[in-house]
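Remarks on the overall topology
Listed below are the residues making up each chain.
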Amino acid sequence: MSKIILWDFDGTLAFHESGDWEDLFYMLFDKSELNNNLSAKEITQALDKSLPWNNSDYQHPTFYDTESWIVYVSENFRKNLNITENQFIPFLKLFNNIMDEYLNLSSWHLFSETLMVLQKTNKLGFNNIIISNHIPDIYNFVEYLGLDKNISKIFCSSEIGWEKPNKAFFEFIFKNIKKESIKYFIGNSYSSDYIGALNSDLPFLSVRKKIPNYENCFLNLEEVYDYIEKTTPNILYK
């Protein structure tokens, strides 16, 4: 039986140079020409509510191209702002600017130790699989960053129709790979990764995120690998 490590993507293996969605919003909002009665906080709250991974209790349509995902999220954004289509035009421009920046391949970077750790886990006999709350363009990001040679498969929430930490997201994965072959799930998010692992009974390693009263927390992926290497003799041939 093959042995598998599940990896989160954004914040675990790679990162966007502008930060998260909220960071991107405020950066581009300051450059926009929006003149309205809504505060930046009200607008970003509406945008947050529109993103599928912030509504993980609910199923959403499946998306295999980012354009369809953008249309879906932008319409939710308009509804959450509670304004007409005409009133939404400047906000749509802002949202499209956010997406343009987010989709810019050159804005994505690997953590310095990522590639080395993936190569080493491959040599230990593990298959590396990404599971991510993300847009369909994650495949382009992974290829651009040179991860495709060390990643055997990607499970993306936009294609599954559910987001981490919902059990339905993980049940989809378990239908495609044997749960007992998963030896580690590595991520940086308490709400989507740690809680998802807890709900689905997966061995979780937290990177770059300290979780109170949880032992397996690591500063970086090198520390994660050291832990895996130490425990591998005990698990690899089970």
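See the structure above.
The numbers attached to residues start from 1 for each chain and follow its sequence in the written order. Given that this is a predicted model, residues contribute local features only at a pLDDT of at least 70 and side-chain atom pairs are listed and counted only at 80 or more, while totals for whole chains, interfaces and linings are drawn from all residues. Side-chain numbers here rest on the full set of heavy atoms in the structure, without hydrogens or water.

1. So, the environment of isoleucine 43
Secondary-structure assignment places isoleucine 43 in helix H2 (residues 40-50). Sequence separation between isoleucine 43 and phenylalanine 25 is 18 residues, and the spatial gap between their C-alpha atoms is 9.2 Å. Here a helix means four or more residues in a row that DSSP labels H or I, a strand means two or more in a row labelled E, and each is numbered from the N terminus.

2. Let's talk about the packing of aromatic side chains
Centre-to-centre distance and the angle between the planes together describe a pair of aromatic rings. Pairing of aromatic side chains here covers Phe, Tyr and the six-membered ring of Trp, requires ring centres within 6.5 Å, and sorts the geometry by plane angle: under 30 degrees stacked, over 60 edge-to-face, intermediate tilted. Inspection of the entire model under this criterion finds 21 aromatic pairs. Seen in terms of ring centroids, phenylalanine 63 and tyrosine 72 are 5.1 Å apart; in terms of plane orientation they differ by 45 degrees. Their pairing is tilted. Only protein chains enter the accessibility calculation, which uses a 1.4 Å probe; a residue is then buried when its area is under 20% of its type maximum, exposed when over 50%, and partly exposed in between. Note on tyrosine 72: relative accessible area 26%, which makes it partly exposed. Put simply, the rings of Phe169, Phe170, Phe185, Tyr190, Tyr194, Phe204 and Tyr214 touch in pairs and so form one group of aromatic residues. The ring of phenylalanine 111 has arginine 208 lying over it, and the distance from NZ or CZ to the ring centre is 3.6 Å. Charge-over-ring contacts are defined here by two conditions on Lys NZ or Arg CZ: a distance within 6 Å of the ring centre and an angle within 35 degrees of the ring normal.

3. Focus: the pattern of salt bridges
Salt-bridge detection follows one rule: a side-chain nitrogen of Lys or Arg within 4 Å of a carboxyl oxygen of Asp or Glu. For the coordinates displayed, the defined rule picks out four salt bridges. A salt bridge links lysine 164 to aspartate 8; its shortest N-O distance comes to 3.0 Å. Of this pair, lysine 164 sits in the loop between helix H7 (157-160) and helix H8 (167-176) while aspartate 8 is found in the loop between strand E1 (3-7) and strand E2 (14-16), placing the two residues 156 residues apart along the sequence. For the pair lysine 164 and aspartate 8, a shared accessibility class is recorded, and that class is buried. Note that arginine 208 is salt-bridged to glutamate 113, the shortest N-O span being 3.1 Å. Of the two residues, arginine 208 sits in the loop between strand E7 (204-207) and strand E8 (217-218) while glutamate 113 sits in the loop between strand E3 (108-110) and helix H5 (114-123), which places them 95 residues apart along the sequence. Taking the relative accessible area as the measure of exposure, arginine 208 reaches 30% and is therefore partly exposed. Several salt bridges converge on common partners, so that one network encompasses Asp8, Lys164 and Asp193.

4. Focus on the sheet that holds E1
Sheets are built from strands paired through backbone hydrogen bonds, the pairs being either parallel or antiparallel. The strand order across the open sheet formed by six strands is E5-E4-E1-E6-E7-E8, and the pairing between neighbours is parallel. Two strands lie at the open edges of the sheet, namely strand E5 (153-156) and E8, each paired on one side alone. Sheet analysis places strand E4 (residues 126-132) next to E5, joined by four bridges and oriented parallel. Directly across from isoleucine 131, in E5, lies its bridge partner phenylalanine 155. Against the sheet, H5 engages E1 and E4, with an angle of about 135 degrees to E4. Strand pairing is assigned whenever DSSP identifies at least 2 bridges connecting the two strands. Any two residues having at least one pair of non-hydrogen atoms within 4.5 Å are treated as being in contact. For helices, the axis comes from a line fit to the C-alpha atoms of the stretch in contact; other axes are also lines fit to C-alpha atoms, and the angle between any two N-to-C directions lies between 0 and 180 degrees.

5. Structural notes on unusual backbone geometry
Negative phi characterises most residues that are not glycine, and trans characterises most peptide bonds. The peptide bond linking lysine 164 to proline 165 adopts the cis configuration, its omega dihedral lying at 10 degrees. Assignment of secondary structure puts proline 165 in the loop between H7 and H8. At asparagine 213, a position not held by glycine, the phi torsion is positive, near 65 degrees. Mapped onto the elements, asparagine 213 comes out in the loop between E7 and E8.

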